[in-house]
Structure formats: C-alpha cells, structure tokens
Amino acid sequence: MEEEFLSQHQPFVFSQIKKSVKHGRLAHAYLFEGDLGVGKHLLSQWLAKRLFCTQVVDNEPCGICNNCQRIDAGEHPNVWVIAPEGQTIKVQQIRQLQQEFIRSGFESRRQFFVIRQADKMNASAANSLLKFLEEPQGEFVAVLETDAPGKILPTIQSRCQILHFAPLNGKELAQRLRQDGISSTSATLLAGLTNSYQKAVEISQEEWFNEAKDAVSQWYHLLQKGDLAAFIYVQKKMLAIAKEKEQQQLLLQMLVQEYRTSRSQLLAQGLGPQLSDNTRSLQLILEAQQKLGANVSFQNVAEQLVLRILK
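In this text, all values refer to a predicted model and were calculated from it rather than measured experimentally. (Residues numbered from 1 in each chain as written. Predicted model: local features only at pLDDT ≥ 70, side-chain atom pairs only at ≥ 80, totals over all residues. Heavy atoms only, no water.)

**Q** An account of the pairing of strand 3 (residues 110-115) is needed here, citing residue identities and associated values.
**A** Burial of strand 3 is extensive: five of the six residues sit out of reach of the surface. Two elements, strand 2 (residues 79-82) and strand 3, share four bridges in a ladder whose sense is parallel. Looking at the pairing, Val81 lines up with Val114 of strand 3. In this sheet, strand 4 (residues 139-146) lies alongside strand 3 in parallel orientation, the contact comprising six bridges. Within strand 4, the residue paired with Ile115 across the bridge is Leu144. (Buried < 20%, exposed > 50% of the residue type's maximum accessible area, 1.4 Å probe, protein only. Helix = DSSP H or I, 4+ residues; strand = E, 2+ residues; numbered from the N terminus. Pairing = 2+ DSSP bridges.)

**Q** Kindly report on the sheet that holds strand 4, identifying the contributing residues and their values.
**A** In spatial order, the strands read 2-3-4-1-5; together these five strands make up an open sheet with parallel pairing. Sheet topology places strand 2 and strand 5 (161-164) at the edges, where each strand pairs with a single neighbour. Taking the axes of each pair of neighbouring strands and ignoring which way they run, one obtains an average angle of 15° across the sheet. Summarising the sheet, strand 1 (residues 29-33) and strand 4 pair through five bridges and their orientation is parallel. If you follow Phe32 over to strand 4, its bridge partner there is Glu145. Sitting on the sheet, helix 2 (residues 11-22) is in contact with strand 1 and strand 5, with an inclination near 145° to strand 5. (Axes fitted to C-alpha atoms, helices over the stretch in contact; angles between N-to-C directions. Contact = heavy atoms within 4.5 Å.)

**Q** Any chance you could break down the side chain of Glu303 for me, citing the residues and the numbers?
**A** Along the polypeptide, Glu303 turns up in helix 15 (residues 298-310). Among buried charged residues, Glu303 stands out as having no salt bridge; its nearest opposite-charge side chain is Lys291, 12 Å away. Setting aside residues up to four positions removed in sequence, Glu303 forms contacts with Phe231, Val234 and Gln235. (Lys, Arg positive; Asp, Glu negative; His and termini not counted. Salt bridge = Lys/Arg side-chain N within 4 Å of Asp/Glu carboxyl O.)

**Q** Summarise helix 15; cite the residues concerned and give the values.
**A** Look at helix 15: 18 Å from first C-alpha to last across 13 residues, which is about the 18 Å you get at 1.5 Å a residue. Burial in helix 15 covers these residues: Phe298, Val301, Ala302, Glu303, Leu305, Val306 and Ile309. (Expected span 1.5 Å × (residues − 1).)

**Q** Explain the environment of His23 residue by residue, including any values.
**A** As for its position among the elements, His23 is in the loop between helix 2 and strand 1. Taking the C-alpha atoms as reference points, His23 and Trp208, separated by 185 residues in sequence, lie 51 Å from one another.

**Q** Mind laying out the packing of helix 13 (residues 245-269) against helix 15, listing which residues take part and the relevant values?
**A** Relative orientation of the contacting elements helix 13 and helix 15 amounts to 20°, with a least axis distance of 11 Å. Taken together, the axes of helix 13 and helix 15 are roughly parallel relative to one another. The handedness of the crossing between helix 13 and helix 15 comes out as left-handed. Across the interface between the two elements, Gln248, Leu251, Leu252, Leu255 and Tyr259 from helix 13 touch Phe298, Val301, Leu305 and Ile309 from helix 15. In terms of residue class, the contact of helix 13 with helix 15 is built from eight nonpolar, one polar and no charged. (Parallel < 35°, antiparallel > 145°, perpendicular 65-115°, else oblique. Left-handed = near helix turned anticlockwise from the far one by under 90°. Nonpolar A, V, L, I, M, F, W, Y, C, P; charged D, E, K, R; others polar.)

**Q** How would you explain the nonpolar core if you had to name every residue and give the values?
**A** Core analysis: the largest hydrophobic core is formed by 71 residues, its most contacted members being Phe112, Trp219 and Leu251. Element by element, the count of residues in this core is highest for helix 11 (residues 207-224), at nine residues. The next biggest cluster of nonpolar side chains, apart from the first, holds 24 residues, and it includes Ala29, Phe101, Ala118 and Ala142. (Core = buried A, V, L, I, M, F, W, Y, C linked by side-chain atoms within 4.5 Å.)

**Q** Can you tell me about unusual backbone geometry, naming the residues and giving the values?
**A** At Gln117, a residue that is not glycine, the phi angle is positive and equals roughly 50°. Taking relative accessible area as the criterion, Gln117 reaches 39% and is therefore assigned partly exposed. The backbone phi angle of Asn295 is positive, close to 70°, even though this residue is not glycine. Note on placement: Asn295 falls in the loop between helix 14 (272-293) and helix 15.

**Q** Before we move on, could you go through the pattern of salt bridges and cite the residues and values that matter?
**A** In the structure shown here, the tally under the stated rule is eight salt bridges. Between Asp72 and Lys49 there is a salt bridge; the shortest N-O distance is 3.1 Å. Of this pair, Asp72 sits in helix 4 (residues 66-72) while Lys49 sits in helix 3 (residues 40-52), and the two are 23 residues apart along the sequence. Of the residues examined, Lys49 reaches a relative accessible area of 5% and is grouped as buried.

**Q** Go over the packing of aromatic side chains, please, and point to the residues and values.
**A** Within a pair of aromatic rings, the relevant descriptors are the distance that separates the centres and the angle that separates the planes. The final tally for this structure, using the stated rule, is seven aromatic pairs. Between the aromatic rings of Tyr220 and Tyr259, the centroid separation amounts to 4.9 Å while the plane-to-plane angle is 90°, which identifies the pairing as edge-to-face. Here Tyr220, found in helix 11, pairs with Tyr259, found in helix 13; they are 39 residues apart in sequence, far enough to count as distant. Relative accessible area serves as the criterion here: at 7%, Tyr220 is assigned to the buried category. Among the aromatic residues, those joined into a ring-pair cluster are Tyr30, Phe32 and Phe165. (Phe/Tyr/Trp six-rings, centres within 6.5 Å; stacked < 30°, edge-to-face > 60°.)

What follows is the structure, encoded as structure tokens:
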C-alpha cells in the first residue's frame, strides 16, 4: 500500500528516505511538509515498519510480521503517534511521550514517534518538544507532519531535516479523490480547480459546490448552442450563487474545465473546426478571469464574456 503510492507519487522523498535507512544515515528528526493527502503519513508508516520489521527484504518491510502488523494496528510499544486533541496538541501530550520514552528506554534500543499536524502544537507543547529534541532521551527517530510549516517554530525546524512532498498532479489528485468516494465527474472538476487535496475535499463538502457545478454545466451548454439565454442566465442564476470573489473565480474556473473536457473529446474525434471555436472560447474565459482579478464586477465580466463567445 505505502510502497505503491509513494513510488508513484513521491519518488524523490521516498528514494531519499530508503537510501538513508539502507546506509544507516537517518536523521533523528524529520519535518515532512506538504498538502494533506500527498503521502506524508504513508511515509511515516513505511519508515516505522522498515525500522522494526523482522523480515526486511530488499530494503522493504514485509508488512506481515508481528511488528509490521502491530504498527498497522497502532499497537506497537515503541511507536507513538500524537495528533491534536480538539484544536491543538497540548503540552501534556508531549510530556507523556517523554515519560514513555524514559520508561521504555530499557526495553528497546530504538523508539519512533510521529506528530501529525505538528503546526497545531500550542506554545507550551512546542517548547516542550524543542527541549526534547535538544536533549534527547535515548535513541529515537521523530517525524513531524505538517501542511503549514510556517506555523512551526524556526528553532524546531532547524533541528529537523525538512522533506518537501510535491503536490499531486491533476490526474493523481482526481484518482485520489475518486478512491475517497468522490464521483468521477466531481473529482476531475476539483482537480482542475486546485492542486491541493485538502482544498479539493473542502470544496466538495460544500453544498455550494454541487449547486455551482450544475449551474456552470447549464451555462456551458447554453454557450455551446449559441443561445442568447446564456446572457439572461448570468442574471438569473450565476449572480445569485456567486456573492463572494472566491466563488466567482471558481465559477469561471469551472467553466474553463467544461471547455477543456470538451477540447479533449474534440481532439479524440478529430473535429478541427469545433476545436478552433473551443480554443477561442477558452482564451476569452482566461481574459475574463484576469478582468475579475483586476476588480471588474462579476456581472460585467460574465455578461461581456457571453457576448464575446456568442459573437
């Protein structure tokens, strides 16, 4: 599971960690930073299993020995995973970790811990962790995971080896969203709106998204037919569902995705004349996005766009 995803989507950081383990050059603390859903925790899980697996083959954990299974189940005595309790990671959680390390230090030579959403540590927890990293108790490997590295103390960052996880590309993001139960149509659209898995999931969970998706689809079909009703539709529907600037930008980006999907179909069918019209419309929408970004009103931008496409 971990190996397949990491090899495909995060080959650079995966290769780097594998080489460090193989040659015994692991840092004592890492900061895994990147968007939610790009594989940070998968690499943490892989590394934990690699360190404790009893049947390593070709630098890969077996996944089936007792240690690997206990790590997958969250039950290994020398692997700890800390996550926010409520909105924050509290100082008591870090202190409890330190006490566990001291208590179990005589039982095992190596300890491993992961702090998920490490940017959620409150000030006391962050300072406690900093002291722990400065004065380590025994041998351990620590992994801090975050999608907001700017919120982590620079002094903590300076004691970690920082690994950047690349955003998923459009196809990879759409595939990940489909695996998480989002419909194929919505997944493709969301992957065109953002390269962030976290942002895509947030958008998909908004009631506004489904309403906007249907509205843009209807708007696109009116434009494709050359129907002047597309102009009236701006006032009737589009203005009503796009009160905020971010929503207005998203509507235009959804329209871009409609035309790009159509473009792919036209290319596959070898329909040259229609392809030229599609390219022209796409250019007009991109220009409309620039106008909206320059604070021209959404109504003016959308109405002018319709008239230019239908011209």
